[in-house]
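Commentary on secondary and tertiary structure
Now for the letters of each chain:
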Amino acid sequence: MKRTTLSLIACATALAAVTGFAMVSAPDTSGAATATPAARLPVERTSLLCPAPSTSDLAETAYTSFTPVTEGAEEKGSAGLTTAEPGGAAEDGGDGGDGGKSEGKDDKDDKGDEKEKPVLEPEKPGEPVAGKTSGSEAPALIGTAEGSHAPGWTVQQSTEVAAGTGRGLQGVNCAAPDTEFWFPGASTSSGRTDYVHLTNPDDSAAVVDIELYGKDGALKSTVGEGVTVPPHASEALLLSTLSDVEETDLTVHVGVRSGRVGAAVQALDDKTGGDWLTAAADPAGELVLPGIPKDATAVRLVLFTPGGTDADLKVRLASPSGPITPAGHETVHVKAGMTTGVDLGEVTRGEAGSLVLTPTGQSVPVVAAVRVVRGKGGEQESAFVPASDPVGARATAADNRAKSTTLSLVAPGKDAKVKVTASAGTEGGTTATKTYTVKGGTTQDVDAPVPAGLKGTYALTVETVSGGPVHASRTLTGSDEDVASFTVQTLPDDRGTVSVPRADEDLSVLQR
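Attention in this report is confined to the structure presented alongside it. Just so you know, these numbers come straight off a predicted model, no measurement behind them. (Residues numbered from 1 in each chain as written. Predicted model: local features only at pLDDT ≥ 70, side-chain atom pairs only at ≥ 80, totals over all residues. Heavy atoms only, no water.)

1. Structural notes on the layout of surface pockets
By volume, the largest pocket amounts to about 1,100 Å³. As for the largest pocket, its lining consists of 49 residues, and the residues nearest its centre are Ala175, Ala176, Ala279, Pro492 and Arg495. The residue makeup of the lining of the largest pocket, split by class, is 30 nonpolar, 12 polar and seven charged. (1 Å grid on protein atoms, 1.4 Å probe; cavity = no way out; pocket = protein on both sides within 12 Å on 5 of 7 lines; lining within 4 Å. Points joined across faces, edges and corners; volume = space filled by probe spheres on them. Nonpolar A, V, L, I, M, F, W, Y, C, P; charged D, E, K, R; others polar.)

2. Quick look at the environment of Asp203
Within the element layout of this structure, Asp203 appears in the loop between strand S10 (192–200) and strand S11 (206–214). Each C-alpha atom, one on Asp203 and one on His232, is 6.6 Å from the other, the two residues being 29 residues apart in sequence. Once you skip the residues sitting within four places of it in the chain, Asp203 turns out to touch Pro231 and His232. (Helix = DSSP H or I, 4+ residues; strand = E, 2+ residues; numbered from the N terminus. Contact = heavy atoms within 4.5 Å.)

3. A closer look at the pattern of salt bridges
Going through the model one piece at a time under the given rule, you end up with 16 salt bridges. Taking the shortest distance from any N to any O, the salt bridge between Arg300 and Asp343 comes out at 3.0 Å. A residue pair is termed long-range when its members are at least 10 positions apart, and Arg300 in strand S19 (residues 296–304) and Asp343 in strand S23 (residues 339–343) qualify at 43 residues. On the basis of relative accessibility, which here comes to 49%, the residue Asp343 falls in the partly exposed class. Two residues, Arg394 and Asp494, come together in a salt bridge whose shortest N-O distance is 2.7 Å. Note that Arg394 is positioned in strand S27 (residues 394–400) and Asp494 in the loop between strand S36 (486–490) and strand S37 (497–505), a separation of 100 residues in sequence. The exposure classification of Arg394 matches that of Asp494, with both residues buried. (Salt bridge = Lys/Arg side-chain N within 4 Å of Asp/Glu carboxyl O. Buried < 20%, exposed > 50% of the residue type's maximum accessible area, 1.4 Å probe, protein only.)

4. Re the packing of aromatic side chains
Evaluated as defined, the whole model comprises three aromatic pairs. Arranged with centres 6.3 Å apart and planes meeting at 15°, the rings of Phe181 and Phe183 form a pair that is stacked. Each member of the pair Phe181 and Phe183 is classed as buried. Taken together, the ring pairs connect Trp182, Tyr213 and Phe304 into an aromatic cluster. Over the ring of Phe486 we find Arg374; its NZ or CZ atom is 5.1 Å from the centre of that ring. (Phe/Tyr/Trp six-rings, centres within 6.5 Å; stacked < 30°, edge-to-face > 60°. Lys NZ or Arg CZ within 6 Å of the ring centre and 35° of its normal.)

5. Looking at the environment of Gly291
Structurally, Gly291 can be placed in strand S18 (residues 287–292). Once the C-alpha coordinates of Gly291 and Ala318 are considered, the two residues, 27 residues apart in sequence, prove to be 9.6 Å apart. With residues near it in sequence (within four places) discarded, Gly291 still touches Gly353, Ser354, Val385, Ser408, Ser473, Thr475 and Val488.

Here it is, written out as structure tokens:
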């Protein structure tokens, strides 16, 4: 297999997932101690996984890595990067087919041993770095950040494909490894080519089950049972090979029997381009799908309930002026174990909007995503907005570009205040900050700050200051002026800190 050497001049990409943890010393049990409230400490280690970006020779992929400054984090840190081949062990380096040596490996010594050293050498937190690669041979990426580089580490993978199936802009936030994923919005219909990408970051093989659910329930398939993903490797499985049933709306469930993986679905369409479908928020009775582009020409809501009980949900659009009920779609009924698709048309009608789903009666866990189309005729492109968790303490979107970025904020309940910080650029610029108040029940496409003297791309960090929960997404538009190319990434909490119990010595006991 031809290997592509990643251009890591400005640090290329660090990849996927917050499995962060904080290490603390065990409390001294030699004396009396009393428990005190748990402290929140920065994570000390973070893992991220990026799927192989494209099978197109016309693909150009940019990676942007960013770690926000976190109070209390270690002063020093590091990040490491390895590449993974589909169906094989981690690459021993990408030589680009010309015999060149990997930037991430030492030369073999006389004994034939090979030591792996970090490929990624990020700058200090608060300063984004970027790298690029091109063609169809760019691999999946596996990485780890430690110390000061770990809390809130974010890596964005953005790919532009000039022509062919899936043409346009495809973007994905490299994600953390986990053991379960839900992807409502996939398809095996004519004209769609959808793959589920699985990446294993660990030293032992992972065993995965892939289940497909259509409009009539589970699709029969044994091919997706017990899929083995080798250590430090990536697999891409074409959904239409797992079942010969054509389904317009499909829910993919990835469950891990042993180990852990990163998972994402690449959805490619002959007519409307394509994008990455990332995992929806865990099944819940109330869901928020933030930041549907205001110029969307078609919006299709796809839902699935994994339990044995049907779900009935109110459908509301949080607009800039308040909640609106889409005409003819006041409620939606979701049959247990079956995927439901609902065409909402041009639901945003030229204004910012987010879907808010709430139970009409009994709360039943549901997963959901929307497929969004922009443009008309041969200039259409599609992307996905899955249900997302709130921003929480902090969330970050990397690879923002002047005049090509839209930040959407939605407060589904109470009013909320948020602070948005623009980092320096990858090639220069100074940080900028703005604070916004989002009225309850509304979505606002805000005029996000841009670094002064910006050169390159930059990161946007969103922090909840006060009030109710806030959900957010970032829409990035492509450079092709002839096609409405775009991609949307949601901004859930970056889990840069964890709650750690602590015990303080009670000196009064010693004085008794």
